[in-house]
Amino acid sequence: METIKGIQAGIIEDFEMFDDWMQKYEYLIDLGKELTPIEEKYKIEDNLIKGCQSRVWLHAEKQDEIIIYTADSDAIMTKGIIAILISVLSNQKAAEIVSADLSFIDAIGLKEQLSATRANGLVSMIKKMKLYALALNNK
Amino acid sequence: MFDLNKIREQFPILKKQVNGKDLVYFDNGATTQKPQSVIDAVSNYYQEENANVHRGVHFLSGLATDKFEETRNTVRQFISAKHNHEIIFTKGTTDSINLIANGFRSLLKKGDEIIISELEHHSNIVPWQMCCELSGSTLKVIPLLDNGSLDMADFNNLLSKNTRLVAVSHVSNTLGTINPIKEIIEKSHSVGAKVLIDGAQAASHICLNMQELDADFYCFSAHKMYGPTGVGVLYGKEEILNTLPPYQGGGEMIKEVSFEKTTYASLPYKFEAGTPNIAGIIAFKSAIDFITELRIENIAKYEDELLQYATSEILKIEGVKIYGTSKNKSAIISFNIEDLHPYDIGTIVDKMGIAIRTGHHCTQPIMKRYNIPGTVRVSLAVYNTKTEIDICINAIKKAQEMLS
Ligand SMILES: Cc1ncc(COP(=O)(O)O)c(C=O)c1O
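Residues numbered from 1 in each chain as written. Chains lettered and ligands numbered in written order. Predicted model: local features only at pLDDT ≥ 70, side-chain atom pairs only at ≥ 80, totals over all residues. Heavy atoms only, no water.

1. A closer look at the interface of chain B and chain A
In this assembly, 14 residues from chain B lie in contact with 18 residues from chain A. Counting each side, the surface lost to burial between chain B and chain A is near 1,400 Å², with a carbon and sulfur contribution of 59%. If you sort the residues of chain B by the area they bury against chain A, Y343, K351 and M402 of chain B come out on top, with a joint share of 46%. Across the contact surface, chain B and chain A share 0 salt bridges. Run the count over chain B and chain A and you get 4 residue pairs in polar contact (both at pLDDT 80 or more). When residues of the side of chain B that touches chain A are traced back to their parent elements, those giving at least two are α12 (342–351), β16 (357–359) and α14 (386–403) of chain B. When residues in the side of chain B that touches chain A are grouped by element, the largest group, 5 residues, is from α12 of chain B. Of the residues that constitute the side of chain B that touches chain A, the class distribution is 6 nonpolar, 5 polar and 3 charged. (Contact = heavy atoms within 4.5 Å. Buried area = accessible area lost by both parts, 1.4 Å probe. Salt bridge = Lys/Arg side-chain N within 4 Å of Asp/Glu carboxyl O. Polar contact = N/O pair within 3.5 Å; in protein donor to acceptor, adjacent residues only side chain to side chain. Helix = DSSP H or I, 4+ residues; strand = E, 2+ residues; numbered from the N terminus. Nonpolar A, V, L, I, M, F, W, Y, C, P; charged D, E, K, R; others polar.)

Put into structure tokens, the structure is as follows:
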């Protein structure tokens, strides 16, 4: 299992290849398209993340010691962003997720690349992912 | 008709670059940019004229008061109202509507009805819901037809002797529909109901004449008509404003205060408690002067030309659907592109220097009506150009390419 830190380093490396915002956006869009779809039964009000202009559903479950996330959004770029977060946090131990320092976000300039409302959405997504991990860990 | 370059030169922000591209500002429905004359009037007030109004005997206070009242006079002329004291300064359209909703509440009882429409901005929905909740009256809603115009047949059915107030917008900020407010006012008056018009999206685009229109209340915001933020107007007929209780208590709005009994000032001061946005109100005159110098009829004609051009260009985009296609329309175009989320489109074109709005535009009932998460909205003003429309359309097509 690759560590959260290691995965982040990989993402930073990926983003260093891009010269301009257009390539970054295209990359996000591709990630969005490739995101494994969430099961329909999890696309419910309870799994909606507030604070996004687009709708985002997030589901988490615990398998052995590991948390698995699946998600979906009606906006493709939002899907790309959540895909990156899932690649970093899914398949990790709850304790690791809760304490994860997601410094890659600043390193790749993700927030600056996004509108203010989207940056808020990003913060809400991370918060919800950590909260789910915390809740499942205590079960 | 008029010199577009000369108009654009008056708006310093239009020279700005955003994300390395010339700014194309198509979010005028949210707020318009400000000409140099308005910017200068604000700073001139603080540099040369700053004093409180209607209070001091000293020179500066007199000067500020005169200029403040000059704006009131200019607003009266601009909307052809009968009296200066029928012009109340507020913080904006929202504040104006709340002022009336609050005052009207005390005149309502259980069984009374208020009518609004399905295309209202949340500012013309929520205050009436609150008003109904507290007074026990009922809220009725005029539904929309598919083309984004009001179902007037349904309106006729909703009107009854129980109707006390009808509150509708002059122009829809999401669909661009220009509502038949003259007809609405006449019909409402025929059952004895009062009418409030939300003119936020009309005041800088449509020539207004309060005496002809016969609206009981008309509300608008300076910041959507090339003026400063934090300034709004409530026009109200004298005889009706006099029947309403004050909104806020405080300085300025009183005649005499004692602990036994306070008496209120006369119009307009009764509704202007506290120190107002003096700089903004003084500068608002410059904004109205800007409009009247160009003549609002010319502005309307030019904006309509832009609307026709933008509409025909947008319709060339594959899979596009425009929401709001009524014949009588202002220069606001809401649309979606098949399979694409408006938010994705907005984010990408922003990178190309284009300011458009995406989302529900504070009109969630309209989104529900059409069953959509939001729209992309282009809203135009007098300084916009056909070249800018071309740039915007190309950016949208580029976004479409990237997203599909
Ligand atoms: C139709 C309409 N009504 C009311 C408002 C509220 O105006 P303000 O925010 O200036 O109070 C707006 C502004 O978006 C509007 O478009």
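Here the narrative resumes, following the displayed structure.
2. A look at the site of the ligand
Residue and element names in this part refer to chain B. Within the structure, the ligand sits among G92, T93, T94, H121, S123, N173, D198, A200, Q201, S221, H223 and K224. Contact distances for the ligand include 2.7 Å between an oxygen atom and a side-chain N or O atom of Q201. Here an oxygen atom of the ligand sits 2.7 Å away from a polar atom, N or O, in the side chain of S221. Bound to the protein, the ligand loses 85% of the 400 Å² it would expose on its own. For the shell around the ligand, the class distribution of residues is 1 nonpolar, 9 polar and 2 charged. (Near = heavy atom within 4 Å. Areas by Shrake-Rupley, 256 points an atom, 1.4 Å probe, with all protein chains shown as cover.)

3. A word on a nonpolar patch on the surface
Residue and element names in this part refer to chain A. Side chains of V98, L131 and L134 sit close together on the surface and give an oily, nonpolar patch of about 240 Å² of accessible area. Here V98 shows up in helix α4 (residues 94–99). Residue V98 is classed as partly exposed on the basis of its relative accessible area of 31%. (Patch = residues over 30% accessible without salt bridge, like charges linked within 9 Å, V, L, I, M, F, W, Y side chains within 5 Å. Buried < 20%, exposed > 50% of the residue type's maximum accessible area, 1.4 Å probe, protein only.)

4. What to know about the sheet that holds strand β13 (residues 320–323) of chain B
In a beta sheet, neighbouring strands are held together by backbone hydrogen bonds and run either parallel or antiparallel to one another. Residue and element names in this part refer to chain B. Taken in spatial order, the 4 strands line up as β13-β14-β17-β16 in an open sheet, and their pairing is antiparallel. Every other strand in the sheet has two partners, leaving β13 and β16 as the edge strands with one partner each. On average, each strand axis in the sheet is tilted by 30 degrees relative to the strand beside it, whichever way the strands run. As judged from the 3 bridges shared by β16 and strand β17 (residues 375–379), these two strands associate in the antiparallel manner. Bridging across to β17, R357 finds its partner in R377. Packed on one face of the sheet, helix α11 (residues 296–314) meets β13 and β14 (332–337) and runs near 5 degrees to β14. (Pairing = 2+ DSSP bridges. Axes fitted to C-alpha atoms, helices over the stretch in contact; angles between N-to-C directions.)

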